[in-house]
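Residues per chain, in single letters:
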Amino acid sequence: VLKNEGKSVNIQEVMDQWTLQMGYPVITIIRNETMDDGITVTQEHFLYNIDVNIRDLEQRNNSYLWQIPLTIAVGNSSHISHQTVLWVSNKTEYHHIPTLDECSWILGNIDQIGYFRVNYDIKNWRLLIDQLMRNYEVISVSNRAGLIDDAFNLARAGYLTQNIPLEIIRYLSEEKDFLPWHAASRALYPLDKLLDRTEDYSIFSEYVLKQVATMYYRLGWPVNGHNGSIIQTSYQTEELRREVIMLACSFGNKQCHQEAATMISDWISSNRNRIPPNVRDIVYCTVVSLMDEDIWEFIWMKFHSTTAVSEKKILLEALTCSDNRNLLNKLLNLSLNSEVVLDQDAIDVIIHVARNPHGRDLAWKFFRDKWKLLNARYGEALFMNSKLISGVTEFLNTEEELNELKSFIQLHKTGSAVAPLTRALETVDANVRWQLLYREELFQWLRKTLKQ
């Protein structure tokens, strides 16, 4: 393709940069203030913990360069231009875009084909947000999903102010496609985990619920026909509905909670499980988190009596959703009993308790206390050991937890766990740094916005 365009590119040289260098780049496109049709394009190594850049000379080394085929398009309120390719191979480049003017926006990495993130100046982000609010369909589905994914990850790493991703998702009340909703759900999840133990958490969940409510009430729940079977709609609609129900229930929509409770009550009273299969995990988890110990015991009993492997797994994970710390501790201890919980499922129990804000510290303590036993059981299976370590630590985010992890690593410097523990330390370090630098900025914006 490049030869046809009269460009000579050494393919091996290009591919070596992508396969031998660590990570991937972030491209930043900045519009020229003095000339409407000029842009400056810069590239750098994308890192969640930008401080590493400053601390680590190896990371700061300018040899981190990629040759990047950057596709871009220019759009305005009613249409978007055909894409063009800019071949970016320097740290900073200036490019002339003839169709760019004051009112038009620029979009990079069309349809998310390139393996990199794209950032823009604030003015361009604002124009893109405005476009999504007025007429989102001008921007394609995969680009809408890409904008959401990039914005949340750029803000998480400190390349972008915290409010931009939250402003982008305001348009979702109109979004009818699954992919952008999925991107939003996937991006909100780690942010939720950074905030779920803070005292101001409710204003974050209130804001997310506000964006989800319209679509939740529009789509509703899967409907049973007269013969009791689920009325089928298209796969995309079912996936979108599931995504929206999951967001509504997990962020505290009262009607969503009520619906889940009704379904479980029906199951208990009729002894027939009529809960639609593709929302069972959401219903079970929601009800276990809301209701008393009797429900937990009911799900525990069903876990023991069912023979269907997939159902068993869903029931077991639902048990980890409880707000009751005694039950969570009981479950952690039971997970080590191979006769009750299969060895490969025990890891999922510990990880899911760690994802629960009421159980995060319990799972973290359990992991450290039982490390010898866990390492003896999973140490040889590097993938499982790595999954356990990252799962238990990925949402730790206090100074105290960071120090506990450092002490733990000091005690266990040898063996196969060294690499995953080092990665875990980087993640927790980035989490703590985010809390320190950006949490208050996020809450200030949320307080101001919710007052309006």
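Residues numbered from 1 in each chain as written. Predicted model: local features only at pLDDT ≥ 70, side-chain atom pairs only at ≥ 80, totals over all residues. Heavy atoms only, no water.

The name given to the chain in an unreviewed UniProt entry is ERAP1-like C-terminal domain-containing protein, with Eleutherodactylus coqui as the source organism. What UniProt states about the chain under its Sequence similarities (unreviewed entry) heading is, verbatim, "Belongs to the peptidase M1 family." (UniProt positions renumbered as here; feature names shortened; annotations may be inferred.)

Engineer: Is there a simple way to think about the pairing of strand 2 (residues 38–45) in this case?
Structural biologist: Two faces, one strand: in a regular strand the side chains alternate between the faces of the sheet. Across seven bridges, the pairing between strand 1 (residues 25–31) and strand 2 is antiparallel. Paired with I27 across the bridge in strand 2 is Q43. Connecting the antiparallel pair strand 1 and strand 2 is a turn made up of six residues. Bridge count between strand 2 and strand 5 (residues 92–96): five bridges; the pairing is antiparallel. (Pairing = 2+ DSSP bridges. Helix = DSSP H or I, 4+ residues; strand = E, 2+ residues; numbered from the N terminus.)

Engineer: What should I look at first to understand the sheet that holds strand 1 in this one?
Structural biologist: Across a sheet, paired strands are connected by hydrogen bonds in the backbone, their directions being either parallel or antiparallel. Strand order in this open sheet of four strands is 5-2-1-7, and the pairing throughout is mixed. Edge positions in the sheet fall to strand 5 and strand 7 (117–120), since each of these pairs with one other strand and no more. Each neighbouring strand pair of the sheet contributes to a mean axis angle of 25 degrees, computed without reference to strand direction. Sheet strands in contact with helix 4 (residues 122–135) are strand 1 and strand 7, and its direction is about 100 degrees off that of strand 7. (Axes fitted to C-alpha atoms, helices over the stretch in contact; angles between N-to-C directions. Contact = heavy atoms within 4.5 Å.)

Engineer: Help me understand the sheet that holds strand 3 (residues 68–75) in this model?
Structural biologist: The three strands lie next to each other as 4-3-6, forming an open sheet whose pairing is antiparallel. Edge positions in the sheet fall to strand 4 (84–88) and strand 6 (105–108), since each has one partner strand and no second. Strand-to-strand twist in this sheet, taken as the mean axis angle between neighbours without regard to direction, amounts to 35 degrees. Pairing of strand 3 with strand 4, which is carried by five bridges, proceeds in the antiparallel orientation. Directly across from P69, in strand 4, lies its bridge partner W87.

Engineer: Got a minute to help me understand the environment of I264 in this structure?
Structural biologist: Along the chain, I264 falls in helix 10 (residues 254–270). Put simply, I264 and E400 are 136 residues apart on the chain and 39 Å apart in space, counted from C-alpha to C-alpha. Among residues more than four places away in sequence, those in contact with I264 are I275, V283, Y284, V287 and I295.

Engineer: Got a minute to help me understand the state of the cysteines in this structure?
Structural biologist: Applying the stated rule across the entire model yields two disulfides. Bridging C249 to C256, the disulfide has an S-S length of 2.1 Å. Judged by the sign of its S-S torsion, about -100 degrees, the cystine formed by C249 and C256 is left-handed. You can call C249 buried: its relative accessible area is 4%. Covalent S-S linkage joins C285 and C321, the inter-sulfur distance amounting to 2.0 Å. Because the torsion about its S-S bond is -105 degrees, the bridge between C285 and C321 counts as left-handed. Taken as a pair, C285 in helix 11 (residues 280–290) and C321 in the loop between helix 13 (309–319) and helix 14 (325–334) lie far apart in primary sequence, 36 residues in all. C285 gets classed as partly exposed once you look at its relative accessible area, which sits at 27%. The connectivity of the disulfide bonds within the chain can be written as 1-2, 3-4, using the sequence rank of each bonded cysteine. (Disulfide = S-S within 2.5 Å. Buried < 20%, exposed > 50% of the residue type's maximum accessible area, 1.4 Å probe, protein only.)

Engineer: Before we go on, may I ask you to explain unusual backbone geometry in this structure?
Structural biologist: A negative phi angle is the norm for most residues apart from glycine, just as the trans form is the norm for most peptide bonds. Its identity as a non-glycine residue notwithstanding, N109 has a phi of 60 degrees, on the positive side. Mapped onto the secondary structure, N109 falls in the loop between strand 6 and strand 7. For N109, a relative accessible area of 1% puts it in the buried group. Despite not being glycine, Q112 shows a phi value in the positive range, around 55 degrees. Counting through the fold element by element, Q112 comes out in the loop between strand 6 and strand 7. Q112 sits in the partly exposed class, given a relative accessible area of 30%.

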